[in-house]
Structures are given as structure tokens and as C-alpha cells.
Amino acid sequence: MSSTESSVYQGFTAEERAAMKEHAQEQKRAVRRSSRADKAAQEQRDVLAKIAEMRESDRIMAERIHTVITASAPALAPKLWYGMPAYALDGKIVCHFQSAAKFKTRYATLGFSDQANLDDGSMWAAGFALTEVTAEVEAQISTLVKQAVS
């Protein structure tokens, strides 16, 4: 077999390495927190702070998505996951928001993990591209999040 540049492993991108470092820091901070209530309150603040750092277009979408998710599925706990706003049930990530700037992509995404109850036959969507969060999109997100935790 001949080797081509496209088939040579180039390693992790700078953005991927930064996300892994953020995740390690998130884990260290979580261990240091004392009570469950303190952890939950700090994780909420961490998510809101991360959203506030985003560029305007991503921040606007993340704020609206955060509001929709916390209102639609109060059982989900906001927390950071690889430097992204995420929402967990019993400590396991159910969904997360990834800004377009995070990995220099064309659009932001709302992703769901295998913990989400979105199963629909043999194939179903686990990630959704977002360019704008309209009232219709908010309703779709609300429906998906409710289904994910049902």
C-alpha cells in the first residue's frame, strides 16, 4: 500500500487538544467542590460564564438553548463538558451545545449522547446543525429534550 498525505495521521488539532485540557480542568474543579448543592450551583455558573465568552452569534443561540433546555427538562443539570455547555442526568451527559467557533466549523451544533432516549428504529439523528434559533427551532429543541429524558 502506498502512503499518501491524506492517510497519514496528523494527531489532534489545536482545538481538540484545548478541549481535552478544558475537560481535565473541569474534572479537577468538580472534585474540589464540597456539597452537591455547591457543585450544582458552581456548574451552572461555569456554563453561564462559558456562554458569555462566546462570540455574539454563538452566544445568542447558546443562551436561548440553555433557557429552553432548563425549562423543558429541569431534571437535566447544566455542566461543562470539554469546555462546552452540556446537560446531564444523574451525572451522565444527555446533550450539549457546541459553538461554531469551538472547532472552527461553519455552524453550531446541538448534540445528544447515547444517554438520550431518542431511539427511532434503526437510525436517528444525534446531532443538529444550528445557524439560528427561531421560535420553531426552540419548540423542536424542547420536544427533543423532553423525549431525551423520558
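Source: prediction; values computed, not measured.

What counts, and where the lines are drawn
Residues numbered from 1 in each chain as written. Predicted model: local features only at pLDDT ≥ 70, side-chain atom pairs only at ≥ 80, totals over all residues. Heavy atoms only, no water. Helix = DSSP H or I, 4+ residues; strand = E, 2+ residues; numbered from the N terminus. Buried < 20%, exposed > 50% of the residue type's maximum accessible area, 1.4 Å probe, protein only. Contact = heavy atoms within 4.5 Å. Areas by Shrake-Rupley, 256 points an atom, 1.4 Å probe, with all protein chains shown as cover. Lys, Arg positive; Asp, Glu negative; His and termini not counted. Charge placed at Lys NZ, Arg CZ, Asp CG, Glu CD. 1 Å grid on protein atoms, 1.4 Å probe; cavity = no way out; pocket = protein on both sides within 12 Å on 5 of 7 lines; lining within 4 Å. Points joined across faces, edges and corners; volume = space filled by probe spheres on them. Nonpolar A, V, L, I, M, F, W, Y, C, P; charged D, E, K, R; others polar. Pairing = 2+ DSSP bridges. Salt bridge = Lys/Arg side-chain N within 4 Å of Asp/Glu carboxyl O.

J.: How do you make sense of the overall build of the chain when you look at a structure like this?
T.: A count of helices and strands for the chain gives 4 helices and 5 strands. Ordered by position from the N terminus, the helices and strands of the chain form the series α-α-α-β-β-β-β-β-α. With the principal axes as the frame, the chain shows a C-alpha extent of 55 × 40 × 35 Å. Going through the 150 residues of the chain one by one, you find that 35% of them count as buried. Taking the contacts inside the chain whose residues are at least 6 apart along the sequence as the reference set, 47% of them involve residues at least 24 apart. Entry remark: accessible area of the chain is about 9,400 Å², with carbon and sulfur atoms responsible for 53%. Taking the 19 positively charged and 19 negatively charged side chains of the chain as two groups, their mean positions are separated by 7 Å.

J.: Any chance you could explain the layout of surface pockets here in plain terms?
T.: Rolled over the atoms, a probe sized like a water molecule indicates the empty space that remains. Approximately 200 Å³ is the volume found for the largest pocket. Lining of the largest pocket is provided by 14 residues; of these, Glu26, Gln27, Glu43, Lys79 and Leu80 occupy positions nearest its centre. Only helix 1 (14–32), helix 2 (36–53) and strand 1 (77–81) provide two or more residues apiece to the lining of the largest pocket. For the lining of the largest pocket, the leading source of residues is helix 1, giving 5 residues. Tallied by class, the residues present in the lining of the largest pocket amount to 4 nonpolar, 3 polar and 7 charged.

J.: Explanation requested: the environment of Ala88 in the structure shown.
T.: By secondary structure assignment, the location of Ala88 is in strand 2 (residues 84–89). Separated by 46 residues in the primary sequence, Ala88 and Thr134 place their C-alpha atoms 24 Å from one another.

J.: I'm lost on the pairing of strand 2 in this one. Help?
T.: Moving residue by residue along a regular strand, the side chains alternate between the two faces of the sheet. Most of strand 2 is tucked away: 5 of the 6 residues are buried. By the bridge criterion, 5 bridges tie strand 1 to strand 2 in an arrangement that is antiparallel. Note on strand 2: the bridge partner recorded for Pro78 is Tyr87. Counted between consecutive antiparallel strands, the loop separating strand 1 from strand 2 contains 2 residues, among which Tyr82 sits at a positive phi close to 55°. Examined bridge by bridge, strand 2 and strand 3 (residues 92–98) share 4 bridges and lie antiparallel to one another. Residue pairing in the sheet places Ala88 in a bridge with Ile93 of strand 3. Hairpin connection, strand 2 to strand 3: the antiparallel pair is bridged by 2 residues, and Asp90 has positive phi, about 55°.

J.: Just to check I follow, could you spell out the pattern of salt bridges for this structure?
T.: Once the charged atoms of two side chains with opposite charge are near each other, the side chains can pair. One pass over the structure, following the stated rule, counts 7 salt bridges. Of the charged contacts in the structure, one is a salt bridge between Glu22 and Lys102, with a shortest N-O distance of 2.5 Å. Of the two residues, Glu22 is situated in helix 1 and Lys102 in the loop between strand 3 and strand 4 (108–112); the sequence distance between them amounts to 80 residues. With a relative accessible area of 24%, Glu22 lands in the partly exposed category. Residues Asp58 and Arg55 are paired through a salt bridge, measuring 3.4 Å at the closest nitrogen-oxygen approach. Each of Glu22, Lys50, Glu53 and Lys102 takes part in salt bridges that share partners, so that together they form one network.

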